[in-house]
Amino acid sequence: MKEKKKMTYAQKRSFWGILFLLPWAIGILVFFLGPLVRTFYYSFFEMELATGGFSYKFTGLGNYKYALRVDPAFNQKLLAALTETLRNVPIQIFVSLFVAMLLNGEYKGKGFFRLIFFVPIILATGITKLELADITLAKEASESFVNTAGVTNILNSSGIPSVFINYIMVFVNDIFDVITTAGVQMLIFLSGLQSISPSLYEVAKIEGCSQFECFCKITLPMISPMILVCMIYSLADSFARADISQMISTTTFTNAQYGLGAAMSAVYFLVSIFVILVLSAIVSKGVFYYDK
């Protein structure tokens, strides 16, 4: 009787990797790919509601020309989305990594503090998020909690260039919004920090490395794959939450300009993918992969 051939470690990793990716792949094929293709198809037509469905009139690139050359708000909203994304994503990465390092330490009450910081994950989903958006609680809380005028005066008196002061104040004003959208990144960084072998730090300390050197030579390289993942997630999340998404929805469903809305969606999708691919290619050059 022949013995069963056992799977190697590499084969097991590949099997479980494919198994975990399978729901995502099925979701992409069933729920995303079809609507994406139809969106690009509709963008070349002028569509109107008619008896039994839609009536189609081929316009070629007419909708794209109108969105990019005629519409007074689309280009502004698109530029604002890009600016806000490129400004907020580095802050989200820094804050989530900083908090994850704090929560990864050894001290009493660590579980309680982790609970406090991971509550924003719950607040950033579902009905709670809608209610917070309606009453603008995050903005009001940040203004009442932080004395922005006092912080600005301190920074001005310190001699820091005004460009950096403006960037810092944007972060201060949006601190609650940044924290409520950085919960997933915190979890990813925390899992990455916990996967680093303590023996690496022990050897580094024996060799006389300082805490900063340990961070630069051990922590940062080891979690660099997580930095790439968090950056991609933060970019996609920021693009999805931008005001231009609401504008496209209003154009499509409220104003019943289905072809124009599809063209705006296509342009925004292509710009988002281009930015994510370019930044991912740049960051991936510094990513360090290792085998345990």
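Residues numbered from 1 in each chain as written. Predicted model: local features only at pLDDT ≥ 70, side-chain atom pairs only at ≥ 80, totals over all residues. Heavy atoms only, no water.

A. Summary view of the packing of aromatic side chains. Applying the stated criterion across every chain yields a total of 13 aromatic pairs. Taken together, the ring pairs connect Tyr41, Tyr42, Phe45, Tyr56 and Phe58 into an aromatic cluster. (Phe/Tyr/Trp six-rings, centres within 6.5 Å; stacked < 30°, edge-to-face > 60°.)

B. The arrangement of the packing of helix 1 (residues 9–42) against helix 15 (residues 258–284) in detail. Packing of helix 1 against helix 15 leaves a shortest axis separation of 8 Å and a crossing angle of 120°. On the basis of their axis angle, the class for helix 1 and helix 15 is oblique. Helix-helix and strand crossings are classified by hand; for helix 1 and helix 15 the assignment is left-handed. Here Phe32, Leu36, Thr39, Phe40 and Tyr42 of helix 1 come into contact with helix 15, specifically with Gly259, Ala262, Ser265, Ala266, Phe269 and Leu270. A per-class count over the contact of helix 1 with helix 15 returns eight nonpolar, three polar and no charged. (Axes fitted to C-alpha atoms, helices over the stretch in contact; angles between N-to-C directions. Helix = DSSP H or I, 4+ residues; strand = E, 2+ residues; numbered from the N terminus. Parallel < 35°, antiparallel > 145°, perpendicular 65-115°, else oblique. Left-handed = near helix turned anticlockwise from the far one by under 90°. Contact = heavy atoms within 4.5 Å. Nonpolar A, V, L, I, M, F, W, Y, C, P; charged D, E, K, R; others polar.)

C. Quick look at the confidence of the model for the protein. Of the residues in the protein, 74% reach a pLDDT of 70 or more, and the chain-wide mean stands at 81. The spread of mean pLDDT over the elements of the protein runs between helix 6 (residues 137–145), the lowest at 47, and helix 15, the highest at 94. In the model, residues 132–145 has pLDDT below 50 throughout and makes 10 contacts with residues more than four positions away in sequence or in other chains. (pLDDT = per-residue confidence, 0-100.)

D. Just the environment of Phe288, in detail. Considering the arrangement of structural elements, one finds Phe288 in the segment after helix 15. Remark: the alpha-carbon pair of Phe288 and Ser224, spanning 64 residues in sequence, is separated by 6.1 Å. Excluding residues within four positions of it along the chain, Phe288 makes contact with Pro221, Met222, Ser224 and Pro225.

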